[in-house]
Amino acid sequence: MSLLANIRSPRDVKDLSAEELPQLAAEIRDTLIKVVSKNGGHLGPNLGVVELTIAVHRVFDSPVDRVLFDTGHQSYVHKLLTGRYPGFGTLRQRGGLTGYPNQSESEHDVIENSHASTSLSYADGLAKAYQLRGESHRSVVAIIGDGALTGGMAWEALNNIAAAKDRRLVIVVNDNGRSYQPTIGGLADHLASVRVSQRYEQVLDYIKTSLSYTPLVGAPLFETLHGIKKGLKDVLQPQVLFEDLGLKYLGPVDGHDEHAVEHALRRARDFGGPVLVHVITRKGFGYRLAEENDEDCLHQVSPARTTPAPAAVPPAPAPGRPWTQVFGDELAAIGAERPDVVAITAAMLHPTGLAKFAAAYPDRVFDVGIAEQHAVTSAAGLALGGMHPVAAIYATFLNRAFDQVLMDVAMHKLPVTFVLDRAGVTGPDGASHHGMWDGSILQLVPGLRIAVPRDGTRVAELLREAVAIDDGPTAMRFPGRLATADVPAVGKLGTMDVLRLPAQPAGRDVLLLGAGPMAGVCAEAADRLADHGIGVTVVDPRWVKPLDTALLAAARQHGLVVTVEDNGRVGGFGDAVARLLRDNDIDTPIRTFGLEQQFLEHGERAQVLDAQGLTPQHLARRITEMVAQRTPELADEGQRA
C-alpha cells in the first residue's frame, strides 16, 4: 500500500510511525526519479533533502509555522508532502505545478525564491512581524544550502537574526558541499572541515564518560570543561564561526538519518530563539546515477522527449549546437590567442559554458560563489589591472548586480564583457528565471554596447567583436538550450545584416527589425507576408546598443517600422528604435513587439512565445492588419495570413 498516495497534508506525515518513514522516503525518491526524468527539473537537490523535508514537516506545523526554501529548487519533496502528489506529474508543464514554491499552488508555500541567498532576509522579516503581532507560538524555518551561504546577502541577514535572542527562527543549513558544482571559497573549506571531522564530539563524549564517574571531581570538572567548549571547538571543530555571530549551533547532523534530524529540529524549535542546525547531506542521495555524476550530481536534468509538442505551437527551426556550447568553444579559442582574457562565474562554471576554458586555462577562471555583485566588481578590478574579463552570468541573475555594472564598470569605462546566458524566455523554470529584464536595464547604462546573436554562427562572431572592444563594457545575450538553425544574410545595412528583401524594389511596405533569435522568426514572417503581396525588409541589428544610424534612412524609405524582441517591451530594443526615430524627426509609424511586462508563467519556450504572439504566424497576421489599415485592398488578406 502506497504511503505517499495517502499524504494530503503535513498532518498525515506526523501520523506515520517511525518504522514507516523509510518506506515513505523510498516512495518519494521513486516518484522524483520518474517524474523529473520525464519532465526535466532539479533532481539531485531534491533527492538529497528527502529525510530532511520529512523531518521538518513532522516537527513543525505548516502553514502556521512558515517553511522557506533557499533556493526553491529543493522544494519538490515539500510539494509531495503538502497535498500535491496527485498533480505532481504536471511538474514544470504549462498549466501544471511550478518548479519552485508558489503561493497560488498551496498555503504551505511562502516565497518563490529561486534566486539564491535571500531566504534568511525573508525569514528575519517574518520573525520580526510575528513578534510584533504577539504570535510567539509561530516558528520560521529557513532551509538554505551551503552554496547559498556564499552570497553576502545571507550573511547580512545572519547578522540581524543573531541580534534577537527571543525570535523563533530555525536556520537549517543543508550542507552537501555543492551548489551546481562544488561550493567555492573560505566558507566551503570551513564547512568541509566539519564534514570530515567529528573530533569535538568524540572528545566531549570521552571527557563525560571518563570523568563523570570520578567522585567529587568528575562532575564539576566536566562542567568546567564544557564551559570552555568554545575553545575546544576552535581547535577541533570550526562551528564556532556561527556561535561567534551569536547563533545557537546544533550539529553536524546526518541529513539522511531522519530520526537524528528530527531530534535536532525539536531541540531547535523548543529553544525559543534563533538556532542554526547544520545538516550534512549528499546531493542525489539514493540514486546511483546522480551520486556518481561528477559534474553536478544531476542537479538539473532535461526532459525526455517522448511526445510531440502540442499542435497549436509551431515547430521550432532545426536546432544546432547549444548556444552555451558555441560560446564556450569560441571563448576557449580566444583564450589561446589572448592571454589577457579571463573568465568569471558565480557558481555556474558548467551551466554557463566555461568548463572548456577552465580546463585549458585553470589559472584564468575565477568562481566567486553565488555572489554576482562581487563578480562584477571583481571583473572591474581585473580590467583595471590590464585584463579583459568575460563574466558569464544568467541574464536573470545580472539584475542583482545592476549597480555594480553601472557604477563600478561602466562609469570607469572598463573593458568587461558580460555574457548573458538564458536570456529571454527560458521555459519551465518560470517567472524568476525568464531573462526578460536585462535587455531593458542595460539600455540605461552609458557606454555599454549590447550584442544579440540570432544563431550559433553569430555567437562566435559577436563574441570576438565584443572582446576586441577596449574602451568600455560590452554584453552579449542569448537564450538557453539549442541554437536555432543559422539564418544567412543576403546583404548589409551599415553594420547590420539584411535577411530578407522585397521582391520588388519599390515594395518597401515594412522595415522589420528582429533582435537576436527573433530575427529568424521575422524572416519566416516576411516569407508569409510576401505571399500576400507585402514587401518586407528584414534586418538583424546584431548590436542593439548603440543603434546603427543606417536605420534612419531605411525607416524613411518604408511605410511602417516593426521591432520584435525576446525581452520585456518596456525600455528595450523597440523603445530604443522608437526614440531614435523621434529624435531624428522621422514620422514613419512604428510598432514594437516583445514580452508583456509581467511575470510570465512557466512552460516550454515555444509555448510561452506562442502565448505572447511572438511566432511567424502571429506576427504575419498582425503586420498584415497594420498594413491593411493603410492599404484597403489588403484588408481581406489580414484574415488569411
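A quick note: this is a predicted structure, and the numbers were derived from the prediction, not measured.

## Digging into the overall build of the protein chain
And step 1. A count of helical and extended segments in the protein chain gives 27 helices and 20 strands.
And step 2. Looking at the protein chain as a whole, 59% of its 641 residues qualify as buried.
And step 3. Counting only contacts in the protein chain whose residues sit at least 6 apart along the sequence, the fraction spanning at least 24 positions is 78%.
And step 4. Counting only carbon and sulfur atoms, one obtains 54% of the accessible surface of the protein chain, whose full area is about 25,700 Å².

## Thoughts on the pattern of salt bridges
And step 1. Within the structure shown, the criterion is met by 31 salt bridges.
And step 2. Linking Arg29 and Glu51 is a salt bridge whose minimum nitrogen-to-oxygen distance equals 2.9 Å. Here the residue Arg29 occupies a position in helix α2 (residues 21-39), and Glu51 occupies one in helix α4 (residues 50-59), the gap between them amounting to 22 residues. Here the two residues Arg29 and Glu51 agree in accessibility, since each one is buried.
And step 3. For Arg422, the salt bridge identified is with Asp421, shortest N-O distance 3.0 Å.
And step 4. A relative accessible area of 23% means that Arg422 is categorised as partly exposed.
And step 5. Linked through salt bridges whose partners overlap, the residues forming this network are Arg454, Asp455, Arg458, Glu461, Glu465, Lys492, Asp497, Asp540 and Arg542.

## Some remarks on the sheet that holds strand β11 (residues 449-451)
Within a beta sheet, neighbouring strands are joined by backbone hydrogen bonds and run either parallel or antiparallel to one another.
And step 1. Pairing in this open sheet of 7 strands is mixed, and the strands run β8-β7-β9-β10-β12-β11-β18 from one edge to the other. If you trace the sheet from one side to the other, it starts and ends with β8 (365-367) and β18 (543-545), each paired once. With strand direction ignored, the average angle separating the axes of adjacent strands in the sheet is 20°.
And step 2. The pairing of strand β7 (residues 341-345) with strand β9 (residues 388-394) spans 5 bridges and is parallel. Within β9, the residue paired with Thr345 across the bridge is Ala392.
And step 3. Across the sheet, helix α21 (residues 456-467) lies against β9, β10 (417-421), β11, β12 (474-477) and β18, angled at about 170° from β12, the strand it touches most.

## Focus on the packing of helix α17 (residues 372-384) against helix α19 (residues 402-410)
And step 1. Interhelical geometry of α17 versus α19 gives an angle of 10° and a closest axis separation of 9 Å. By the angle between their axes, α17 is roughly parallel relative to α19. Between α17, through Gln373, Val376, Thr377 and Ala380, and α19, the contact on the second element is made entirely by Gln404, Val405, Asp408 and Val409.
And step 2. Split into classes, the residues belonging to the contact of α17 with α19 amount to 4 nonpolar, 3 polar and 1 charged.

## With respect to the pairing of β12
And step 1. Judged by which residues are buried, β12 turns out to be covered on both faces: Thr474 and Met476 on one side and Ala475 and Arg477 on the other are all buried.
And step 2. In terms of strand pairing, β10 meets β12 through 4 bridges, oriented parallel. Across the sheet, residue Val419 finds its bridge partner in β12, namely Met476.
And step 3. Sheet topology places β11 next to β12; 3 bridges connect them, and they run parallel. Along β12, the bridge assignment pairs Ile450 with Ala475.
And step 4. At this point the chain moves from β11, through α21, to the parallel β12, and the crossover so formed is right-handed.

## Points about the sheet that holds strand β2 (residues 140-145)
And step 1. Overall, parallel pairing links the 5 strands, which are arranged β1-β2-β3-β5-β4 in an open sheet. Strands with a single pairing partner mark the edges of an open sheet, and in this sheet they are β1 (66-70) and β4 (248-254). Across the sheet, the mean angle separating the axes of adjacent strands is 20° when strand polarity is ignored.
And step 2. Sheet topology note: the β4/strand β5 (residues 275-280) ladder contains 5 bridges and is parallel. Across the sheet, residue Leu250 finds its bridge partner in β5, namely Val277.

## Concerning the environment of Asp109
And step 1. Structurally, Asp109 is set in the loop between α5 (76-81) and α6 (119-132).
And step 2. Between the C-alpha atoms of Asp109 and Pro63, which are 46 residues apart in sequence, the distance is 8.1 Å.
And step 3. Dropping the residues within four chain positions of it, Asp109 is found in contact with Arg66, His78, Lys79, Arg84, Pro101, Asn102 and Gln103.
And step 4. A distance of 2.9 Å separates the side chain of Asp109 from the side chain of His78, its partner in a polar contact.

## Description of a positive patch on the surface
And step 1. On the surface, Arg569, Arg591, Arg622 and Arg630 cluster together into a patch of positive charge.
And step 2. Residue placement: Arg591 occurs in strand β20 (residues 590-595).

## Some words on the nonpolar core
If you look at soluble globular proteins, the nonpolar side chains tend to sit buried side by side.
And step 1. In this structure, Val405, Phe418, Leu442, Leu448 and Leu513 are the most contacted members of the largest nonpolar core, which totals 53 residues.
And step 2. The element best represented in this core is α17, accounting for 6 residues.
And step 3. Setting aside chain neighbours within four positions, we find Leu513 in contact with Cys522, Val539, Leu551, Val561, Val562, Thr563, Val564, Phe573 and Val577.
And step 4. Of all hydrophobic cores here, the second largest spans 45 residues; its members include Leu24, Val50, Val253 and Val261.

## Observations regarding the pairing of strand β15 (residues 496-500)
And step 1. The element β15 is largely enclosed, with a buried count of 4 among its 5 residues.
And step 2. Examined bridge by bridge, strand β14 (residues 491-493) and β15 share 3 bridges and lie antiparallel to one another. Paired with Leu493 across the bridge in β15 is Met496.

## A few points about the confidence of the model for the protein chain
And step 1. Per-residue confidence for the protein chain averages 83 on the pLDDT scale, and 83% of its residues sit at or above 70.
And step 2. Ranking the helices and strands of the protein chain by mean pLDDT puts β11 first, with 98, and helix α11 (residues 229-236) last, with 43.
And step 3. Note that pLDDT drops below 50 for residues 206-236; the model gives that stretch 31 contacts with residues more than four away or on any other chain.

## Considering the side chain of Asp65
And step 1. Of note, Asp65 is situated in the loop between α4 and β1.
And step 2. One buried charged residue, Asp65, remains without a salt bridge, the closest side chain of opposite sign being Arg138 at 5.8 Å.
And step 3. Looking at Asp65, its side chain comes within polar contact range of the main-chain nitrogen of Ser139, at 2.8 Å.
And step 4. Those residues in contact with Asp65, other than ones at most four positions away along the chain, are Phe60, His137, Arg138 and Ser139.

Parameters and conventions
- Residues numbered from 1 in each chain as written.
- Predicted model: local features only at pLDDT ≥ 70, side-chain atom pairs only at ≥ 80, totals over all residues.
- Heavy atoms only, no water.
- Helix = DSSP H or I, 4+ residues; strand = E, 2+ residues; numbered from the N terminus.
- Buried < 20%, exposed > 50% of the residue type's maximum accessible area, 1.4 Å probe, protein only.
- Contact = heavy atoms within 4.5 Å.
- Areas by Shrake-Rupley, 256 points an atom, 1.4 Å probe, with all protein chains shown as cover.
- Salt bridge = Lys/Arg side-chain N within 4 Å of Asp/Glu carboxyl O.
- Pairing = 2+ DSSP bridges.
- Axes fitted to C-alpha atoms, helices over the stretch in contact; angles between N-to-C directions.
- Parallel < 35°, antiparallel > 145°, perpendicular 65-115°, else oblique.
- Nonpolar A, V, L, I, M, F, W, Y, C, P; charged D, E, K, R; others polar.
- Right-handed = clockwise from strand over helix to strand, strands pointing away.
- Polar contact = N/O pair within 3.5 Å; in protein donor to acceptor, adjacent residues only side chain to side chain.
- Patch = residues over 30% accessible without salt bridge, like charges linked within 9 Å, V, L, I, M, F, W, Y side chains within 5 Å.
- Lys, Arg positive; Asp, Glu negative; His and termini not counted.
- Charge placed at Lys NZ, Arg CZ, Asp CG, Glu CD.
- Core = buried A, V, L, I, M, F, W, Y, C linked by side-chain atoms within 4.5 Å.
- pLDDT = per-residue confidence, 0-100.

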